[in-house]
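A look at the structure
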Amino acid sequence: MTPEELSAAITACLKDAVDAGELNVPAEALPKEVRVERPKSREHGDWATNIALQLAKPAGVAPRKIAEVLSTRLAQIPGVSQVDIAGPGFLNIVLDAAAAGELAKAIVEAGASYGSNSQMAGTKINLEFVSANPTGPIHLGGTRWAAVGDSLARIFQSQGADVTREYYFNDHGNQIDKFARSLLASAAGQPAPEDGYGGAYIEDIAAEVVAKNPEILASEDPQEGFRAQGVELMFAAIRASLHEFGVDFDVYFHENSLFEDGAVEKLLEQLKGSGNIYAKDGAWWLNSTEYGDDKDRVVIKSDGNAAYIAGDIAYFKNKRDRGFDLCIYMLGADHHGYVARLKAAAAAMGDDANRVEVLIGQMVNLVQEGKPVRMSKRAGTVVTMEDLVEVVGTDAARYSLARFSSDSNIDIDLDVLTKRSNENPVFYVQYAHARTSAVARNAAAAGVERTSFDAAALNHATESELLAVLGQYPGVLSQAASSREPHRVARHLEVIAGAYHRWYDACRVAPMGEEAVTDTNRTRLWLNDAVGQVLANGLSLLGVTAPERM
RNA sequence: GCGUGCGUAGCUCAAUGGAUAGAGCACCUGACUACGGAUCAGGAGGUUGGGGGUUCGAGUCCCUUCGCGCGCACCA
């Protein structure tokens with residue numbers, strides 16, 4: 001029995017009790033679904049619910065009274081062996097070993113689909129992340145969004161959503177001009193411009209452009225030549241790093257394309273007629289304060305040119321025209337001022353601002369010897385995606401960035417990265433998976449096969465614990481999707497790995513020595529394989545491999 | 001100044017308003033000469049920055065205060 005099944009059964013009991021007049025609760029106070037939790041202490045049973053506490057106020061009855069009414073009904077649920085009322089009114093539930101054990105078989109039979117769901121089916125999501133300007137390699141901050149964003153996309157997909165990963169490729173504007181001037185300066189043997197870009201990669205790209213076009217410095221507009229080809233090369237390098245990192249975008253959207261076909265101008269003309277845009281001081285303004293911005297923003301400058309935000313509006317319209325129901329933007333904390341204006345951009349189109357969702361993630365800090373280190377090219381403390389992958393590998397890099405909540409700043413210690421990478425919990429999880437493979441190999445060698453299955457044989461304390469955390473996995477995925485928090489998946493895998501290691505320590509799968517193979521051996525193999533399956537499923541959502549040997 | 005996020009064990013971080021606040025690392029003590037010791041068992045380590053409030057119940061919600069990060073352009 002899974003927690004979802006138990007939850008559904010309790011919900012039905014509650015409805016029956018109300019229908020039978022045993023409880024007087026207004027219909028609107030009844031939850032659609034009763035939440036079932038795993039108690040921290042084993043003394044509180046396998047599962048617990050606080051439904052009686054929640055209904056006490058609307059029903060106007062003491063919580064323990066409600067608990068008493070429900071407990072007799074819950075005890076009738078097949079598979080439930082015991083129901084206790086504890087504390088202020090918690091209902092603690094103990095399952096039959098057999099009912100709990102069935103899960104092992106169900107997981108193996110579900111295979112890669114265990115944990116999947118169709119609750120987001122029919123939702124077409126545009127998930128935009130990274131979107132770093134092609135003026136340099138991807139830094140640690142962008143690397144974090146690559147790991148988190150790609151995982152989130154995979155988690156959405158596991159819940160049935162239709163997800164497009166999108167990279168907004170900014171190739172229009174003066175950041176790019178600075179980049180082009182920097183390349184030109186480097187090729188001409190001059191120092192980098194005042195506000196330009198330095199660093200070895202500029203020299204490399206400039207040299208590559210020159211190698212391909214020996215005459216470029218003497219051409220009519222060398223800066224334009226460096227711009228066009230430099231951006232191309234830089235972008236190819238970024239794509240290669242991302243690919244190496246296991247992140248491939250479905251759409252690389254060029255900002256330039258919004259301007260080339262006059263879409264922005266056309267759009268601006270339309271917007272002048274909408275109620276969300278007004279003229280003042282010779283410019284046109286968007287009423288972004290309506291959406292929480294601290295001031296309105298200029299859309300068309302007094303010189304008649306489009307301001308940056310005009311591109312955002314056009315881009316949003318473009319996404320909606322492509323059929324996306326929900327446009328999610330993952331941005332760093334240095335862009336949190338954008339939330340209101342992106343929502344205002346949607347509203348300016350006459351669209352629902354809730355079509356826009358902005359996820360703000362906090363920064364990655366570098367630490368060395370306990371002290372913060374500023375990223376500085378000069379000091380050699382810029383850490384790029386490639387650097388990170390080179391030192392710890394893609395698996396450890398992705399895992400260590402995805403296992404933290406995006407709401408927290410995270411500190412990455414350069415010393416830990418370079419010297420003690422095996423401190424990363426990814427190895428704990430991967431090792432557990434490799435161990436399930438080793439156990440399966442040994443079982444096969446001993447003649448243990450998944451022929452018979454006796455759920456009641458899974459009655460050891462570590463087995464009850466292991467089954468419980470495996471049962472929580474689908475709920476964790478669902479919550480990770482709805483709260484947009486991939487780190488929950490990683491944390492839960494660590495819990496499963498821990499429970500597995502403890503079980504391994506206590507319960508053998510293969511028989512010892514000359515002992516005969518029993519149904520217990522076979523049943524435990526189901527459980528072992530179920531764990532391997534769940535760990536593999538979860539790791540794949542994080543873009544991390546599940547090795548059979550380490 | 002305004003906005004926003006954060007503050008939890010020595011360090012890095014968890015904890016859909018639930019019961020005794022948890023892991024990893026570091027430290028200490030142990031484990032089957034039987035499926036891989038990248039493991040397991042145990043110990044020590046906390047006034048969840050401080051102070052109020054709401055609630056049957058607060059690390060979590062509200063107010064206040066302190067500290068840190070980030071942002072506050074007719075730049076893109």
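Right above here is the structure, for reference.
Let me begin by describing the structure that accompanies this report. (Residues numbered from 1 in each chain as written. Chains lettered and ligands numbered in written order. Predicted model: local features only at pLDDT ≥ 70, side-chain atom pairs only at ≥ 80, totals over all residues. Heavy atoms only, no water.)

Re the environment of Pro 193
We apply this condition: Think of it this way: any DSSP run of H or I at least four residues long counts as a helix, any run of E at least two long counts as a strand, and we number them from the N terminus. The contact definition used throughout considers only heavy atoms, calling two residues in contact when any of these lie within 4.5 Å.
Residue position: Pro 193 is located in the loop between α6 (174-187) and α7 (200-212). Placed 14 residues apart in sequence, Pro 193 and Phe 179 show a C-alpha to C-alpha distance of 9.6 Å. Filtering out sequence-adjacent residues up to four positions away, Pro 193 remains in contact with Arg 181, Ser 182 and Ala 185.

Let's talk about the protein's contact with RNA strand B
As a reminder of what qualifies: One heavy atom within 4 Å of a molecule or strand makes the whole residue count as near it. Nitrogen and oxygen atoms within 3.5 Å of one another constitute a polar contact, given that in protein one can donate a hydrogen and the other can accept it, and given that sequence-neighbouring residues count only through two side-chain atoms. Residue type decides the class: Asp, Glu, Lys and Arg count as charged, Ala, Val, Leu, Ile, Met, Phe, Trp, Tyr, Cys and Pro as nonpolar, and the leftover types, Gly among them, as polar.
Surrounding RNA strand B, one finds 65 residues, the nearest of these being Arg 35, Tyr 338, Tyr 431, Asn 442 and Arg 491. When the atoms of RNA strand B within 4 Å of the protein are grouped by moiety, sugar and phosphate amount to 60% of the total. Contact between RNA strand B and Tyr 338: a base nitrogen at 2.3 Å from a side-chain N or O atom of the residue. A distance of 2.8 Å separates a sugar or linking oxygen of RNA strand B from a polar side-chain atom of Asp 505. Going through the elements one at a time, α2 (51-59), β3 (90-95), α6, β8 (283-286), α12 (338-348), β14 (410-413), α15 (425-445) and α17 (487-506) are the ones with two or more residues in the surface near RNA strand B. Partitioned by chemical class, the residues of the surface near RNA strand B number 24 nonpolar, 19 polar and 22 charged.

Structural notes on the layout of surface pockets
Quick note on the threshold: Method remark: on a 1 Å grid restricted to protein atoms, a set of points is classed as a cavity if a 1.4 Å probe fits but cannot get out and as a pocket if it is open with protein on both sides within 12 Å along at least five of seven lines; lining residues have an atom within 4 Å of a point. Grid points are joined across faces, edges and corners, and a volume is the space filled by probe spheres set on the points.
In this structure, the largest pocket occupies an estimated 1,600 Å³ of space. Lining the largest pocket are 48 residues, with Ser 131, Ala 132, Asn 133, Asp 334 and His 335 sitting closest to its centre. Among the secondary structure elements, those contributing two or more residues to the lining of the largest pocket are α5 (140-158), α9 (255-260), α11 (308-321), β10 (326-332), α12, β12 (364-368) and β13 (371-373). Tallying contributions element by element places β10 first for the lining of the largest pocket, with four residues. In terms of residue class, the lining of the largest pocket is made up of 24 nonpolar, 16 polar and eight charged.

Some thoughts on the sheet that holds β10
Put simply, the test is: By this definition, two strands are paired if DSSP reports at least two bridges between them. Helix axes use the C-alpha atoms of the stretch in contact, all axes being lines fitted to C-alpha atoms, and the angles between their N-to-C directions lie in the range 0 to 180 degrees.
Pairing is parallel across the open sheet formed by five strands, whose spatial order is β6-β5-β4-β10-β11. Edge positions in the sheet fall to β6 (251-254) and β11 (356-361), since each of these pairs with one other strand and no more. With direction set aside, neighbouring strand axes in the sheet form an average angle of 25°. Relative to β10, strand β4 (residues 124-128) is paired through four bridges, and the arrangement is parallel. Among the inter-strand pairings, Asn 126 is bridged to a residue of β10, identified as Cys 327. In this fold α12 packs onto β10 and β11, with an angle of close to 170° to the strand it touches most, β11.

Regarding helix α1 (residues 3-19)
Side chains that are three or four residues apart share a direction in an α-helix, a result of its 3.6 residues per turn. Spelled out, the test is: Every helix has an expected span of 1.5 Å times one less than the residues it contains. Between buried and exposed lies partly exposed: a residue is buried under 20% and exposed over 50% of the maximum accessible area for its type, with that area taken using a 1.4 Å probe on protein chains only. The directions from the helix axis to the C-beta atoms are what the arc is built from.
Between the first and last C-alpha of α1 there are 24 Å, a value that for 17 residues agrees with the 24 Å anticipated at 1.5 Å per step. For α1, every residue scored as buried is listed here: Pro 3, Leu 6, Ser 7, Ile 10, Thr 11, Cys 13, Leu 14, Ala 17 and Val 18. Down the axis of α1, the smallest arc covering the buried residues is 160°, so these residues share one side. Opposite its buried face, α1 presents the exposed residues Lys 15 and Asp 19, each directed more than 90 degrees away.

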